[in-house]
Amino acid sequence: MDSFVSGAGLGLRRGLLSGLQETAHGQLDFLEAAPENWIGVGGRHGRALRELSERLPLLCHGLSLNLGGHAPLDMDLLVAIRDFLDIHQVRGYSEHLSACAGECGHLYDLMPLPFDDASVRHVAERIRIVQEVLERPLIIENVSAYARLPGDLDEPAFVAAVLEEADCQLLLDVNNIYVNSVNFGFDAQAYLAAMPSERIAYLHLAGHADDASGLKIDSHGTPVCDPVWQLLADCYRLHGVRPTLLERDFDFPPLTQLYAEVGRVRALQQECQP
């Protein structure tokens with residue numbers, strides 16, 4: 001992927017906006033934003049976004065394409081996203097390998113898909129349509145889940161099959177692998193090993209919460225835990241160092257603490273370089 005990003009970045013949230021304007025230089029290699037949260041935003045916030053996107057490379061991570069759903073793709077949204085990506089010279093655009101809308105409308109959640117060949121073909125066809133409208137490649141992300149639908153594939157085989165059928169790239173979320181490995185009792189290392197190295201564009205890293213039911217919840221509201229840090233290091237050693245983004249969506253600590261986590265990513269990247 002030409003003119004992509006490198007190093008370690010941070011998710012751009014409005015709660016972090018003013019602090020990032022003042023301190024991001026030298027602390028971060030790139031930012032990532034959800035376009036749905038910024039399309040049409042003007043005024044002070046719009047100017048701040050434009051200023052940051054001119055100073056740091058910007059990636060976008062979508063929330064609502066509904067790649068795995070059966071409702072028609074929202075063409076108006078796709079055109080708006082394409083224009084946003086062009087305006088801000090966004091280096092790469094990713095979306096979730098999930099469904100997020102049904103007959104009743106938008107679900108405001110990421111719903112699991114059946115892991116079977118029919119679902120592979122359905123998602124791949126929608127990815128191809130999205131790429132044609134956006135006039136750029138789409139990167140898909142493995143998602144966290146709390147239920148499994150019937151299907152004859154396991155999750156790594158399903159993800160790899162979609163990547164091959166759609167001929168697209170992967171945003172590998174290391175925390176989601178860990179969360180799902182605990183929730184569904186599989187080997188996170190085997191999942192990592194099953195991912196095709198040549199299709200991994202970049203990585204996500206985040207914290208999660210422990211639910212009273214015993215489930216791990218992909219909350220993005222806590223620091224990254226030690227097992228996820230270890231899984232990130234294992235991923236670098238297995239697939240090579242990739243650009244890596246820290247996600248934090250709420251309960252924001254001082255930016256110095258987030259920069260420290262980003263710094264730990266950078267240290268691991270240097271340690272794992274061949």
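Relevant structure appears above.
Residues numbered from 1 in each chain as written. Predicted model: local features only at pLDDT ≥ 70, side-chain atom pairs only at ≥ 80, totals over all residues. Heavy atoms only, no water.

Section: the pairing of strand β9 (residues 200-206)
Put simply, the rule reads: Summary of the burial criterion: residues with accessible area below 20% of their type's maximum are buried, those above 50% are exposed, and those between are partly exposed, where the area comes from a 1.4 Å probe applied to protein chains only. Numbering of helices and strands runs from the N terminus; a helix is a DSSP stretch of H or I covering at least four residues, while a strand is a stretch of E covering at least two. By the convention used here, strands pair only if DSSP detects at least 2 bridges between them.
With 7 of its 7 residues buried, β9 lies for the most part within the structure. As paired strands, strand β8 (residues 169-173) and β9 are joined by 4 bridges and run parallel to one another. Among the inter-strand pairings, Leu170 is bridged to a residue of β9, identified as Ile200. Across 4 bridges, β9 lies against strand β12 (residues 244-247) in parallel orientation. Bridge pairing links Leu203 to Thr244 in β12.

With respect to the packing of helix α3 (residues 75-87) against helix α4 (residues 117-134)
Each packed pair of helices is defined by two parameters, the angle between the axes and the distance between the axes. Quick reminder of the rule: Helix axes are fitted only over the stretch in contact, all axes being lines through C-alpha atoms; the angle between N-to-C directions runs from 0 to 180 degrees. Orientation labels follow simple angle bins: below 35 degrees gives roughly parallel, above 145 gives roughly antiparallel, 65 to 115 gives roughly perpendicular, and whatever is left gives oblique. Handedness of a helix crossing follows the sense of rotation of the near helix relative to the far helix, less than a right angle counterclockwise being left-handed and clockwise being right-handed. Working rule for contacts: check all heavy atoms of both residues, and any pair within 4.5 Å makes them a contact.
Between α3 and α4, whose axes approach to 9 Å, the crossing angle comes to 50°. The orientation of α3 relative to α4 falls into the category oblique. Between α3 and α4 lies a crossing whose hand is right-handed. Counting all contacts with α3, which are made through Met75, Leu78, Val79, Ile81 and Arg82, the residues of α4 involved are Ile129, Val130, Val133 and Leu134.

So, the packing of aromatic side chains
The condition that has to hold: Two aromatic rings from Phe, Tyr or Trp, using only the six-membered ring of Trp, form a pair when their centres are within 6.5 Å; if the ring planes differ by under 30 degrees the pair is stacked, by over 60 it is edge-to-face, and anything between is tilted. Whether a charge sits over a ring comes down to the Lys NZ or Arg CZ being within 6 Å of the ring centre and within 35 degrees of the ring normal.
Applying the stated criterion across every chain yields a total of 3 aromatic pairs. The ring centre of Trp38 lies 5.1 Å from the NZ or CZ of Arg14, which sits over that ring. Sitting over the ring of Phe184, Arg148 keeps its end group 3.9 Å from the ring centre.

Examining the pattern of salt bridges
Quick reminder of the rule: Throughout this description, the term salt bridge denotes a Lys or Arg side-chain nitrogen within 4 Å of a carboxyl oxygen of Asp or Glu.
One pass over the full model with this rule turns up 12 salt bridges. The shortest N-O distance in the salt bridge between Arg199 and Asp167 comes to 3.1 Å. Remark: Asp167 occurs in the loop between α5 (155-166) and β8 and Arg199 occurs in the loop between α7 (188-194) and β9; sequence separation between them is 32 residues. You can call Arg199 buried: its relative accessible area is 14%. Using a relative accessible area of 56% as the deciding quantity, one classes Asp167 as exposed. Across the salt bridge formed by Glu271 and Arg237, the nearest N and O atoms sit 3.1 Å from each other. Taken together, the residues span a long stretch of sequence, with Glu271 in helix α9 (residues 255-272) and Arg237 in helix α8 (residues 226-239) at a distance of 34 residues. Judged by relative accessible area, which is 55%, Glu271 ranks as exposed. One connected set of salt bridges, linked through shared partners, spans Glu164, Asp167 and Arg199.

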